[in-house]
Amino acid sequence: MTEQEKERIVIPDENGDEHLFDELFRFHVDATEKSYILVTPVGADEDEEEEVEVFAFRYEDREGEEDDIALFPVETDEEWEMVEEMLNTFQPEDEE
């Protein structure tokens, strides 16, 4: 049984401690020209009985730095609604 390898991202918290996250997916909204990334803490999906916490950020590619992005909080209700809608469409097919 092979599991698809997930992209991982390191995100520091307000104290500077680094935390490792699995990337669920990224998407771009043409109308607003903004991009978003959804992540879960590494190891969060190991226990299928608990709900997995999903974090969403708006991101921008950093100029001249490969594989480096700047993260920004999702701030408006409209952005949250759009992120939730995208997350709801991302349900794995084997969930029944």
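Further up the page is the structure itself.
Residues numbered from 1 in each chain as written. Predicted model: local features only at pLDDT ≥ 70, side-chain atom pairs only at ≥ 80, totals over all residues. Heavy atoms only, no water.

With that settled, the discussion passes to the pattern of salt bridges. Under the criterion given, the structure shown has four salt bridges. Salt-bridge contacts for Asp22 lead to Arg8; the nearest nitrogen and oxygen are separated by 2.8 Å. On the criterion of sequence distance, the pair formed by Asp22 in strand 2 (residues 18–29) and Arg8 in strand 1 (residues 8–12) is long-range, its members being 14 residues apart. Linking Glu60 and Arg58 is a salt bridge whose minimum nitrogen-to-oxygen distance equals 3.0 Å. (Salt bridge = Lys/Arg side-chain N within 4 Å of Asp/Glu carboxyl O. Helix = DSSP H or I, 4+ residues; strand = E, 2+ residues; numbered from the N terminus.)

Taken together, the five strands give an open sheet; going across it, the order is 1-2-3-4-5, and neighbouring strands pair in antiparallel fashion. Two strands in the sheet have a free side with no partner beyond their single neighbour: strand 1 and strand 5 (69–73). Strand-to-strand, the axes of this sheet are offset by a mean angle of 50 degrees, without reference to chain direction. Pairing of strand 2 with strand 3 (residues 34–41), which is carried by eight bridges, proceeds in the antiparallel orientation. When the bridges of strand 3 are listed, Glu23 appears paired with Val39. Sheet contacts for helix 1 (residues 77–89): strand 2, strand 3 and strand 4 (55–61); angle to strand 2, the most-contacted strand, approximately 95 degrees. (Pairing = 2+ DSSP bridges. Axes fitted to C-alpha atoms, helices over the stretch in contact; angles between N-to-C directions. Contact = heavy atoms within 4.5 Å.)

Turning next to the packing of aromatic side chains. The full count for this structure, using the stated rule, is three aromatic pairs. Here Phe21 and Phe55 contribute two aromatic rings whose centre-to-centre distance is 5.5 Å and whose plane-to-plane angle is 80 degrees, an arrangement assigned as edge-to-face. On the criterion of sequence distance, the pair formed by Phe21 in strand 2 and Phe55 in strand 4 is long-range, its members being 34 residues apart. Given the relative accessible area of 28%, Phe55 is considered partly exposed. (Phe/Tyr/Trp six-rings, centres within 6.5 Å; stacked < 30°, edge-to-face > 60°. Buried < 20%, exposed > 50% of the residue type's maximum accessible area, 1.4 Å probe, protein only.)

This part is about the side chain of Ser35. Within the secondary structure, Ser35 sits in strand 3. For Ser35, a relative accessible area of 14% gives the class buried. Among the polar contacts made by the side chain of Ser35, one reaches the side chain of His28 at a distance of 2.8 Å. Beyond its immediate sequence surroundings of up to four residues, Ser35 is in contact with Phe27, His28, Phe57, Arg58 and Tyr59. (Polar contact = N/O pair within 3.5 Å; in protein donor to acceptor, adjacent residues only side chain to side chain.)

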